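# Analysis of the macromolecular model
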Amino acid sequence: AGIGKCVALDLARRNARTILACRNRERGQAAVEEIRAATGNAAVVLRLVDTSSLASVRAFAQAVLQEEKRLDVLVNNAGITGLPFAITPEGLERTFATNYLGPFLLTNLLLG
C-alpha cells in the first residue's frame with residue numbers, strides 16, 4: 001500500500017521486473033494482481049519477507065541473489081509505527097528491527 005505500491009506500479013509501467021517484498025501474502029498478492037492488471041506487466045512477483053526478523057531478511061536476500069540475474073534498484077520504504085513495545089524472537093525491539101536493522105541488513109546483503 002502507499003508509497004511502496006506507487007513505486008512498484010511506476011517500475012512495472014516501465015516494464016521492469018518488479019519484486020514486491022511483503023510481510024502479508026494476501027495483501028501482497030492482491031497488490032501484484034492489481035499492478036499486473038494496470039500495467040500489463042506479467043513480471044511483477046511477490047516474495048515474502050518480514051524485516052523485523054533478521055533470519056527472514058537473510059533468507060529473502062539469499063533467494064533473490066540465487067533467483068535473479070541482477071538487481072538494479074532497491075527501494076526500502078516499509079515501516080511500522082505506533083505499535084506497543086515488543087521484542088522479536090531474536091531479542092530486538094520490534095520497531096527498531098523492522099524500520100532500521102532489517103532494511104540495513106537487506107541492503108548490505110544484496111550489495112553482493
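Keep in mind the model is a prediction, meaning the values are calculated, not measured. (Residues numbered from 1 in each chain as written. Predicted model: local features only at pLDDT ≥ 70, side-chain atom pairs only at ≥ 80, totals over all residues. Heavy atoms only, no water.)

### Structural notes on helix H3 (residues 54–67)
With 14 residues, H3 ought to run about 20 Å at 1.5 Å a step, and its terminal C-alpha atoms sit 20 Å apart, in line with that. The set of residues buried in H3 consists of Leu54, Val57, Phe60, Ala61 and Val64. Down the axis of H3, the buried side of the element spans an arc of 120°, and every buried residue falls inside it. For H3, the secondary structure elements touched by its buried residues are strand S1 (18–22), strand S2 (44–48) and helix H4 (94–110). (Helix = DSSP H or I, 4+ residues; strand = E, 2+ residues; numbered from the N terminus. Expected span 1.5 Å × (residues − 1). Buried < 20%, exposed > 50% of the residue type's maximum accessible area, 1.4 Å probe, protein only. Arc of directions from axis to C-beta. Contact = heavy atoms within 4.5 Å.)

### Overview of unusual backbone geometry
Although it is not a glycine, Asn15 adopts a positive phi angle of roughly 70°. Structurally, the position occupied by Asn15 is in the loop between helix H1 (2–13) and S1.

### Here's the deal with the domain arrangement of the chain
Entries for the chain in the domain assignment read domain 1 (1–48) and domain 2 (52–111). With centres defined by C-alpha atoms, the gap from domain 1 to domain 2 works out at 18 Å. Across the contact, nine residues belong to domain 1 and seven residues belong to domain 2. In total, about 700 Å² of surface goes out of reach between domain 1 and domain 2, with carbon and sulfur atoms giving 60% of it. Of all residues in domain 1, the largest losses of buried area upon contact with domain 2 belong to Ile19, Arg23 and Arg47, amounting jointly to 46% of the total for that side. At the surface where domain 1 touches domain 2, the tally comes to two salt bridges. We note a salt bridge from Glu68 to Arg17, for which the minimum N-O separation is 2.7 Å. Remark: the boundary between domain 1 and domain 2 carries two residue pairs in polar contact (both at pLDDT 80 or more). Elements with a contribution of two residues or more to the side of domain 1 that touches domain 2: H1, S1 and S2. (Domains from an automatic or database assignment. Buried area = accessible area lost by both parts, 1.4 Å probe. Salt bridge = Lys/Arg side-chain N within 4 Å of Asp/Glu carboxyl O. Polar contact = N/O pair within 3.5 Å; in protein donor to acceptor, adjacent residues only side chain to side chain.)

### Considerations on the pattern of salt bridges
Enumeration over the complete set of coordinates arrives at five salt bridges. A salt bridge links Arg47 to Glu67; the shortest N-O distance between them is 3.2 Å. You can see Arg47 sitting in strand S2 and its partner Glu67 sitting in helix H3, a full 20 residues away along the chain. What makes Arg47 partly exposed here is its relative accessible area of 27%. Judged by relative accessible area, which is 48%, Glu67 ranks as partly exposed.

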